[in-house]
Amino acid sequence: MHPTVSIFKNPPDGGRGYHRDMRVRWALEEVRQPYQLRLLSFSEMRRPEYRKLHPFGQMPTYEQGDLVLFESGAIVHHIAQSYSGLLPPDQNARSRAVMWMFAALNTVEPCVDSGSVGYLVQRLHELSAVLDAHDWLDGEFSGGDLLMVSVLRPLRGSDVLQDTPNLGAYIARAEARPAFQRALTMSSDLIRTA
């Protein structure tokens, strides 16, 4: 049974892939898992039947059989654990990839969302030092990179990345991945047909 992912029928970002459902679709594309989409309007997200899936009435949700998940990080973690491709086989490397998934959502994303530029700049410099000249956070591309890039993408084109050019290159590398491009193209196609 293919999972069903709920997404915005008319996303406020115009299909540029900045909403959290993009993380889930990108993860599914990375592991080459077919899925279905449930397109919902803002009013449909407020309905009691949707609130049974997501008590906060937000996007996305993930349904597969009798499993219903919300929170994009939890969904990406589930996908990474369920299918090969987003977590390395070595147990220590797997744990580090999960660590980076949490770091993206708990350490970096709050700084991006808060608009506290000083603190954000500090975190970006720290992250830049970790990446140094490496392509990915810890060896091969993982769920940690997927979530970290998802968190950083809204900063592209802003002045805040000027002092950390390796982060801009990191984002560009991830966005060039075929799985990312498939998920992003789907966003654009859905907007055109909605």
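Above this text sits the structure in question.
Residues numbered from 1 in each chain as written. Predicted model: local features only at pLDDT ≥ 70, side-chain atom pairs only at ≥ 80, totals over all residues. Heavy atoms only, no water.

**Topic: the overall build of the protein chain**
Then comes step 1: Secondary structure assignment for the protein chain yields nine helices and four strands.
Then comes step 2: When the helices and strands of the protein chain are read in sequence order from the N terminus, they spell out β-α-β-α-α-β-β-α-α-α-α-α-α.
Then comes step 3: The C-alpha radius of gyration of the protein chain comes to 17 Å, within 12% of the 16 Å expected for a compact globule of 194 residues.
Then comes step 4: Along the three orthogonal principal directions, the C-alpha set of the protein chain runs to about 45 × 35 × 30 Å.
Then comes step 5: Looking at the 194 residues of the protein chain, the share that counts as buried comes to 48%. (Helix = DSSP H or I, 4+ residues; strand = E, 2+ residues; numbered from the N terminus. Rg over C-alpha atoms; globule rule 2.2 N^0.38 Å. Buried < 20%, exposed > 50% of the residue type's maximum accessible area, 1.4 Å probe, protein only.)

**A few points about the sheet that holds strand β2 (residues 36-40)**
Then comes step 1: Pairing is mixed across the open sheet formed by four strands, whose spatial order is β2-β1-β3-β4. Every other strand in the sheet has two partners, leaving β2 and β4 (67-70) as the edge strands with one partner each. Neighbour to neighbour, the strand axes of the sheet diverge by 25° on average, direction disregarded.
Then comes step 2: In the sheet, strand β1 (residues 4-8) pairs with strand β3 (residues 61-64) via two bridges, with the strands oriented antiparallel. (Pairing = 2+ DSSP bridges. Axes fitted to C-alpha atoms, helices over the stretch in contact; angles between N-to-C directions.)

**With respect to the layout of surface pockets**
Then comes step 1: Considered as a void within the structure, the largest pocket measures approximately 470 Å³ in volume.
Then comes step 2: Taken together, 25 residues make up the lining of the largest pocket; nearest its centre are His19, Arg20, Arg23, Ser72 and Glu109.
Then comes step 3: Mapped by element, the contributors of at least two residues to the lining of the largest pocket are α1 (21-30), α4 (72-82), α5 (91-114) and α7 (143-152).
Then comes step 4: Considered class by class, the residues forming the lining of the largest pocket number eleven nonpolar, eight polar and six charged. (1 Å grid on protein atoms, 1.4 Å probe; cavity = no way out; pocket = protein on both sides within 12 Å on 5 of 7 lines; lining within 4 Å. Points joined across faces, edges and corners; volume = space filled by probe spheres on them. Nonpolar A, V, L, I, M, F, W, Y, C, P; charged D, E, K, R; others polar.)

**Let's talk about the pattern of salt bridges**
Then comes step 1: For the structure on display, the rule yields 13 salt bridges.
Then comes step 2: Residue Glu175 is joined to Arg156 by a salt bridge in which the shortest nitrogen-to-oxygen separation is 2.1 Å. Separated by 19 residues along the polypeptide, Glu175 in helix α8 (residues 165-175) and Arg156 in the loop between α7 and α8 bring together distant segments of the chain.
Then comes step 3: Through salt bridges with shared partners, one network takes in Arg20, Arg23, Glu109 and Asp113. (Salt bridge = Lys/Arg side-chain N within 4 Å of Asp/Glu carboxyl O.)

**Side note on the packing of aromatic side chains**
Then comes step 1: Applying the stated rule across the entire model yields six aromatic pairs.
Then comes step 2: Centroid distance Trp136 to Phe141: 5.0 Å. Interplanar angle 80°. Geometry classified as edge-to-face. You'll find Trp136 and Phe141 in the same group, each marked buried.
Then comes step 3: Members of the aromatic cluster, each reached through a chain of ring pairs, are Trp26, Trp136, Phe141, Tyr170 and Phe180.
Then comes step 4: Over the aromatic face of Tyr18 sits the side chain of Arg153, whose NZ or CZ is 4.4 Å from the ring centroid. (Phe/Tyr/Trp six-rings, centres within 6.5 Å; stacked < 30°, edge-to-face > 60°. Lys NZ or Arg CZ within 6 Å of the ring centre and 35° of its normal.)

From the geometry alone we can't say anything about function, so treat these as descriptive.
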